[in-house]
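# Chain and residue survey
Listed below, chain by chain, are the residues.
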Amino acid sequence: MTPGVMITQYVINIPEGKSTPDFESTPVPENIKEGNMAIFKVVVKGDPKPEVSWRRAKGPVTDKKKFHSKYDESTGEHILEIVKVSGAETDTYKCYAANEYGKAVCKTTLTVIEGESEGNSRESDERFWQAMLKADKKDYERICTEFGVSGLHLILKKLEEKKKEREEVHLLNTGLDLTDEEAMLLSTEFIRIFVFQNKSFRVAFTVSTVDFVIKIQELKAQEGDNVLFACVLTHPLPKITWTGKGITLEEGEKYSITVSDHKLIHRLLIKDCDPLDQGIYSAGAGVTSCSAWLLVQAESDPASAGMRRARKTTVASGTPIDLEKVAAEQQIKKREEMEKILAAVKAKHREGQVAAMVKKSKGNGMDTTLDHSGGVTRAGGKRLGNPKNKKREMTCPEEHSGCDETEGFTGAARQSRRKRRGPLIEDVVIDPGVHFICGLSDVNAVINETAELTCKLSSEDCEGAWVMPTLIGMISPDDNFSVTNDGAIHKLVIIRCEEEHSGKYRFEVDGRKTEAMINVKDPPRFNHADLRAFTEPVTVKAGHHAIFKLQFLGQEPVKIKWYSEGEELLDDNNNTKIEKSASHSRLLLSRCQRKNTGEIRIKLKNEHGFIEAISQLIVLDKPTSPLGPAEVTEGSAICIEFRWRPPKDDGGSPVINYMVERQQVGRNTWKKIGEIPGVPSYRDTDVDHGRKYCYRIRAVTAEGASGVMETDEMQAGTLAFPGPPGPPKVVSAYDDCVNISWAPPSNTGGSRILGYVVEKRKKGSNLWSVVNATDELIKVKKYAVKDVVTGMEYEFRVTAVNLSGVGEYSNPSEFVFARDPKKPPGKVSNLKVTESSYSHFVLTWTKPEDKPEIQDEAKGYFVEIRPAECLDWSRCNPTRIITTSFSVKGLKSKNMYWVRVIAVNDGGESAPEELANYVLAIPSPVRPKFTNHKMKSFMVVRAGNSVRITVNFEASPRPHVMWIKDNVPVTKRVTISNSDSSSQLLIPSSERSDSGIYSILVKNLAGQETFSTEVRVTDDPKPPGPVELEENVPGTVTVIWEPSPDEKRDDRLHYTVSKLDSTKRNWTTVAENLFNNKCTVCNIMPGREYHFRVYAENDMGVSAPSESPTCWKEKKKEKCVVSVPTRKDCDLRCAPTFIVPLKFHAAPKGYECYMSCAVKGNPKPRITWYRNHISLNTDTNYYISNTCGVCSMLILRVGPKDMGEYAIAAENALGRAECSTVLSVKGERETPLVISEGGIKTKKHV
């Protein structure tokens, strides 16, 4: 897992090859000037590919103008761009990556720097910041004025950041006390510039980031227990982030977060766990985190759910680890590491100093060499310095005031060119003296108690001073303070802490210092003697009062709450009265009842903490009645023995005796038998044969007697035989012995069972033989039958015997061979899934081989399944099956299951054979294919009629269906209806613009299939325009006409030309299928008249003709003139009539119903369908067509709503005709309708 990433896993087991999301790279925090663009980039991984989203803590990121989220395919980076940032965008930003197995979250920060004034150009001046860090708050404004820096509020912000940086460096030193120069040398993951004696050196090194030495471990706890997570860090941190189930946890009544004094051990205590606390918990230290599961097991015994038990704390299992020892080792390791780093940095710095000194000496004509120890020696032999020294000081006499020692690194370049005005001053070497091995740590103390500060020096021969700068100054031993030192260890003890002792304390020695804070708190607390008295249980009798009181200490105000069995008690001035004051509280419970028994808890809380104390209230009362019904254990002529159950509630006192009374049935008096010891049973020997008795029983405790429990009638001396025992079960079988066992009879007959008799029978025989004689009863519920023949097959039965005699026989056992045990069978082979669906799958396998002396033949099989999220296997078949296939049913759709098969025989079970991969409850993938092979690839529809295209297919899983028209998705006016095996496209009222090629694409994970249909929406064509005749060539005529108006809208429209010769009576076709607008007619005879007609024709029909003017050819020599009589056209118009009427229909529910009839008429009649006098032409649930006078209507699925009278009306200018019928649905109640004979009505227009 990438450091700084929080991963939440949705499932316990992740399939092989799959993974939860994770971040390969996380976004870097940004400090951006106001008005610039901020960019965050992440790279995620995971299978399936995660979805990435961005969020922020203080608002949404939905403003598209401000926030741009995109993905760079070339680099695989998800990018968030924030345009023209302002102070409002300063926030914490989180990136979420999620898939079906989990989610990952990482976060970063954006800090927007407001505009700066011109005077801030010198903020980088190290001298300015050194002065600000050392000065008091009152001097800040003066220093800014001296250095010419404006914008004090910005300077104060940056000053706080620098102080935090110095504190972090101090923390990372883990006890090493450093000078200011040394502290500047050590930093984390940055390159800094340091100034020493007017020289600047760039030192680059990296201190490792915080990591976990010991991570938190997975814990399992019982409900109600406390749980403790603990971890150890590599570097001290005052605080880490604890999260539970994605929520940051805070200190409170539920969670207790603690840190060790050296800040390496961090602990999280979860109190009073319940199942809701189960989940993943994480500890985050900087960019590093670790996670672990908490599993909470519910109370296994429901009866004890309401009882209080001792609460224990659960810690990590396995080999116990001494966290303090590990932390101490880490402190030593870290201190050695820091000393090495410091030595390396100082050595590099010293080499730079010595090289500069040698160069400077040569420039002055002096001979300078470096001796073995690393010191510098002049020509005279005087030693100038030693690189082992950790601190150097430069002295400059007054007469050589030209030496500029206050010059910072900004003046280093100028000083290198400046001439020295005076002799060279030698370096004076000072021994570094003592330093701190372990510094002070912050302490939280309780008022009036002891607080202790401890540090350790590198030398024992050294004394230091304790200082409290804010209040006391130098600390001396007195009644409040104890100052001790044990060798190199120095201690300051505050004997009795007060509020004024809170503050910063410092220990100074040899110019070095270490500081820490003491925080004196005043949380609520109890006196130990008062607490012991309070925790003693309070016992009262029912109806009496119970008082609980407790004194406490703590800073006011203190919030006080009383609880009874977890429920808060309120002062109701009736049965509960609560008194509160600044130092004590009192609870009075009046007229206590038995139900008030339980835990009494007081909780105190103030701003410094909280505390609680627990006591117990016991209310004594009379017991409840004994529990029935009474069970007769023996009923004979001389005695009646019975037993009962103790009272459910003994009233807080144990049952001492039971009072028993007896009444003979038929009499009104009760006879007191007396008191018996506290055992819930009684044997009455003073009975008369054949008589019946009733008994009354009371429980007696120290608080009194309970109510009465009365028994049913019990008879003495009647014969009551026992019922049948359970069928015998074969435990084991051998060549000479068969071991069986059985369950006792549920009905003992009112007396105790004396023993059992066992019988056996060979297979195929009707004779049962007794195994043991009646006088040799079997006392136990098992027996070894030894009178058997090897290889024979037997069955057994058992009967019970009581004081009355032998009872009924049990059902016989299963047949068993008398032979030595068999070997268990081997594992099945070739286990595979042959069929699957959303609710079941079918398994097949091969029978295991029979290997003598190794594995015997399998007699049956058990199939077991386990859901992926469960660890327990469950058997699908309670009894073994003998077939080598099995259908597992009752599955949850799309769930994952593990499957295994176990072979069994008389010798036992085989090892389970498990499928290598889990089974997914979905149908086996089937590539889509179309099942209707009569689908039309071309269809013509009259404009205004409906267009319906139905496509049947089969595919698994359910495919995605898409319809397109001319490679473009269909419009909204097209209705698409999809099911698991079909899809339908419907245009209720078609238009010419609906013409085109409609394609369906059926696609799933197994493949895809497509089918196209060309739909042409058209109407009867309009006739062509005027016709003209031209005669250019003798014997021919060219017919020219204007195109039909429909020609531009119908590319399949063509023309037909007919001719009428004056010598003939019939029109003849001279040309057809013409796609142009002229035609040349040949064989024109002179002296004859000709008439021409032009028709427009398309897929729907033929238009009215356009006629030409009369054409004739004169003969050169006319011998005679024949006059042709005037032709009179025949009128073919007629009113509509039904040639074939509608028929009566009775269709089953859910089936199709097809109605049709035939109608004629000229002009062509307009057809309208009706159901119960309501027009159906615009109803998309009915498929209506009219082809050449054959009118039809199709109802896809007939239902009760379709029952009724159906009529069709045909109407033109000459009249109207109607035809009707009745549709009934089988199995539905029909409404009788009266239809006129023939169902046809005709009406003519006059």
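Computed from a prediction, not measured in an experiment: that's the story for all the values here. Along each chain, residue indices are assigned from 1 in the same order as the chain's sequence is written. The predicted origin of the model limits local features to residues at a pLDDT of at least 70 and limits the giving and counting of side-chain atom pairs to 80 or more, whereas totals for whole chains, interfaces and linings rest on all residues. As a rule here, side-chain values come from all non-hydrogen atoms in the structure, and water together with hydrogens is ignored.

## Regarding the overall build of the protein chain
Only DSSP runs of H or I covering at least 4 residues are called helices, and only runs of E covering at least 2 are called strands; the numbering of each starts at the N terminus. Helix and strand counts for the protein chain come out as seven helices and 96 strands. Exposure classes here rest on a 1.4 Å probe applied to the protein chains alone. A residue is buried below 20% of its type maximum, exposed above 50%, and partly exposed in between. Taking all 1246 residues of the protein chain together, 40% fall into the buried category. Counted over contacts in the protein chain with a minimum sequence separation of 6, partners at least 24 positions apart contribute 63%. Only the protein chains shown count as cover for residues, with accessible areas throughout obtained via the Shrake-Rupley method and a probe of 1.4 Å. By element, 50% of the accessible surface of the protein chain is carried by carbon and sulfur atoms, the whole surface being about 71000 Å². Here, residues are in contact when the closest pair of their heavy atoms is within 4.5 Å.

## Digging into the packing of aromatic side chains
Each aromatic pair joins two rings of Phe, Tyr and Trp (for Trp, the six-membered one) with centres within 6.5 Å, and gets the label stacked for planes under 30 degrees apart, edge-to-face for over 60, and tilted for any other angle. Per the stated rule, a full pass over the model turns up 17 aromatic pairs. Where Phe642 meets Trp644, the ring centres are 5.7 Å apart and the plane angle is 40 degrees; that geometry is what we call tilted. Between Tyr794 and Phe796, the aromatic rings sit 6.5 Å apart at their centres with planes inclined by 25 degrees, giving stacked as the arrangement. An identical accessibility class is assigned to Tyr794 and Phe796; each is buried. Aromatic rings pair up to connect Phe642, Trp644, Tyr658, Tyr682 and Tyr695 into one cluster. Cation placement over rings: the criterion is NZ of Lys or CZ of Arg within 6 Å of the ring centroid and within 35° of the ring normal. One cation-aromatic arrangement involves Lys763 over Phe815; the distance from NZ or CZ to the ring centre is 5.4 Å. Here Arg866 stacks its cationic end above the ring of Trp873, 5.2 Å away from the centre of that ring.

## Focus on the side chain of His262
Position of His262 among the secondary structure elements: in the loop between strand 17 (255-259) and strand 18 (265-270). Of note is the side chain of His262, whose polar atom sits 3.3 Å from the side chain of Glu324. When sequence neighbours within four positions are dropped, the list of residues in contact with His262 reads Pro236, Glu324, Ala327, Gln331 and Ser441. What qualifies as a polar contact is a pair of N or O atoms within 3.5 Å, subject to a donor-acceptor requirement within protein and to the restriction that residues adjacent in sequence count only when both atoms come from side chains.

## Focus: a negative patch on the surface
On the surface, Asp261, Asp322, Glu324 and Glu329 cluster together into a negatively charged patch. Residue class for Asp261 comes out exposed when judged on its relative accessible area of 55%. Nonpolar side chains (Val, Leu, Ile, Met, Phe, Trp, Tyr) are joined into patches within 5 Å and like charges within 9 Å, using only residues with over 30% relative accessible area and no salt bridge. Within this document, salt bridges are pairs made up of a side-chain nitrogen of Lys or Arg and a carboxyl oxygen of Asp or Glu, the two lying within 4 Å of each other. We treat Lys and Arg as the positive residues and Asp and Glu as the negative residues; His and chain ends play no part in the count. To locate a charge, the coordinates of NZ of Lys, CZ of Arg, CG of Asp or CD of Glu are taken.

## Considering the sheet that holds strand 42 (residues 598-606)
Between any two strands, pairing holds if DSSP finds at least two bridges. With respect to topology, five strands assemble into an open sheet ordered 36-43-42-38-39, the strand pairing being mixed. Of all strands in the sheet, those bounded by a partner on one side alone are strand 36 (538-541) and strand 39 (567-569). Averaged over all pairs of adjacent strands, the angle between their axes in this sheet comes to 30 degrees, without regard to strand direction. Pairing between strand 38 (residues 559-564) and strand 42: six bridges, direction antiparallel. Pairing of Lys561 across the sheet is with Lys603, part of strand 42. Lines fitted to the C-alpha atoms define the axes, with helices restricted to the stretch that makes contact. Angles between their N-to-C directions range from 0 to 180 degrees.

## Some thoughts on the sheet that holds strand 37 (residues 546-553)
Strand order in this open sheet of four strands is 35-37-41-40, and the pairing throughout is antiparallel. Unpaired on one side and paired on the other, strand 35 (525-526) and strand 40 (576-580) mark the two borders of the sheet. Where strand 37 lies against strand 41 (residues 584-589), six bridges are found, and the strand directions are antiparallel. Within strand 41, the residue paired with Ala546 across the bridge is Leu589. Helix-sheet contacts for helix 7 (residues 528-535) involve strand 35 and strand 37, and the interaxial angle to strand 37 is about 160 degrees.

## Some words on unusual backbone geometry
With an omega dihedral of 5 degrees, the bond running from Asp47 to Pro48 counts as a cis peptide bond. Within the fold, Pro48 resides in the loop between strand 4 (38-47) and strand 5 (51-56). Going from Glu556 to Pro557, the amide bond is cis rather than trans, its omega being -5 degrees. Positionally, Pro557 belongs in the loop between strand 37 and strand 38. Positive phi outside glycine occurs at Asp966, with the angle close to 50 degrees. Checked against the element boundaries, Asp966 lands in the loop between strand 73 (960-965) and strand 74 (968-969). Phi at His1173 is positive, roughly 70 degrees, even though this residue is not glycine. Of note, His1173 is situated in the loop between strand 90 (1166-1171) and strand 91 (1174-1175). Residue classification places His1173 among the exposed residues on the basis of a relative accessible area of 70%.

## A short note on the pairing of strand 27 (residues 443-446)
Where burial is concerned, the two faces of strand 27 differ: the one with Val443 and Ala445 is buried and the one with Asn444 and Val446 is not. Across four bridges, the pairing between strand 27 and strand 34 (residues 512-521) is parallel. Paired with Val443 across the strands is Ile518, a residue of strand 34.

## Some thoughts on the environment of Pro15
Locating Pro15 in the fold gives a position in the loop between strand 1 (6-9) and strand 2 (19-25). The exposure class of Pro15 is buried, given its relative accessible area of 11%. Separated by 902 residues in the primary sequence, Pro15 and Asn917 place their C-alpha atoms 8.7 Å from one another. Those residues within four positions of Pro15 in sequence are excluded, and the remaining contacts are Tyr101, Met896 and Tyr918.

## Remarks on the confidence of the model for the protein chain
Scored by pLDDT, the protein chain comes out at a mean of 81, with 83% of its residues at no less than 70. The predictor reports its confidence for every residue as pLDDT, a score running from 0 up to 100. Confidence over residues 116-124 falls short of pLDDT 50; this stretch has 17 contacts with residues more than four positions distant or in other chains.

## A closer look at the side chain of Asp1046
Its location among the elements puts Asp1046 in the loop between strand 80 (1037-1041) and strand 81 (1054-1061). Judged by its relative accessible area of 2%, Asp1046 falls in the buried class. When neighbours within four sequence positions are excluded, Asp1046 is seen to be in contact with Arg992, Asp1020, Pro1021, Lys1022 and Leu1053.

## Comments concerning the environment of Ala546
For Ala546, the position within the fold is in strand 37. Here Ala546 falls in the buried class, since its relative accessible area comes to 1%. For the pair Ala546 and Ile618, spaced 72 residues apart in sequence, the C-alpha separation works out to 9.4 Å. Dropping the residues within four chain positions of it, Ala546 is found in contact with Val540, Leu587, Leu588, Leu589, Cys592 and Leu617.

## Quick word on the pattern of salt bridges
Following the criterion strictly, the structure yields 51 salt bridges and no others. Between Lys41 and Glu77 there is a salt bridge; the shortest N-O distance is 3.9 Å. Separated by 36 residues along the polypeptide, Lys41 in strand 4 and Glu77 in strand 7 (residues 77-82) bring together distant segments of the chain. One salt bridge connects Asp1050 with Arg1016, and the closest N-O pair in it is separated by 3.7 Å. Here the residue Asp1050 occupies a position in the loop between strand 80 and strand 81, and Arg1016 occupies one in strand 78 (residues 1007-1018), the gap between them amounting to 34 residues. Like Arg1016, Asp1050 is buried.

## Focus: the packing of helix 1 (residues 126-134) against helix 2 (residues 140-147)
When two helices pack together, their arrangement is given by the angle between the helix axes and the distance between those axes. Where helix 1 contacts helix 2, the two axes come as close as 10 Å, and the packing angle between them is 165 degrees. As the angle between them shows, helix 1 and helix 2 are arranged roughly antiparallel. Crossing of helix 1 over helix 2 shows right-handed handedness. Across the interface between the two elements, Arg127, Phe128, Ala131 and Met132 from helix 1 touch Tyr140, Ile143, Cys144 and Phe147 from helix 2. Charged means Asp, Glu, Lys or Arg here, nonpolar means Ala, Val, Leu, Ile, Met, Phe, Trp, Tyr, Cys or Pro, and polar covers whatever is left, Gly included. Grouping the amino acids of the contact of helix 1 with helix 2 by side-chain chemistry returns seven nonpolar, no polar and one charged. The cut-offs work like this: below 35 degrees is roughly parallel, past 145 is roughly antiparallel, 65 to 115 is roughly perpendicular, and the gaps in between are oblique. With the far helix as reference, a near helix turned anticlockwise by less than a right angle produces a left-handed crossing, and one turned clockwise produces a right-handed crossing.

## With respect to the environment of Ala702
Its place among the elements puts Ala702 in the loop between strand 49 (692-701) and strand 50 (704-705). Given a relative accessible area of 61%, Ala702 falls into the exposed group. Between the alpha carbons of Ala702 and Pro654 there is a distance of 7.8 Å; along the sequence they are 48 residues apart. In this structure Ala702 touches Ser653 and Ile656, once residues within four positions along its chain are discounted.

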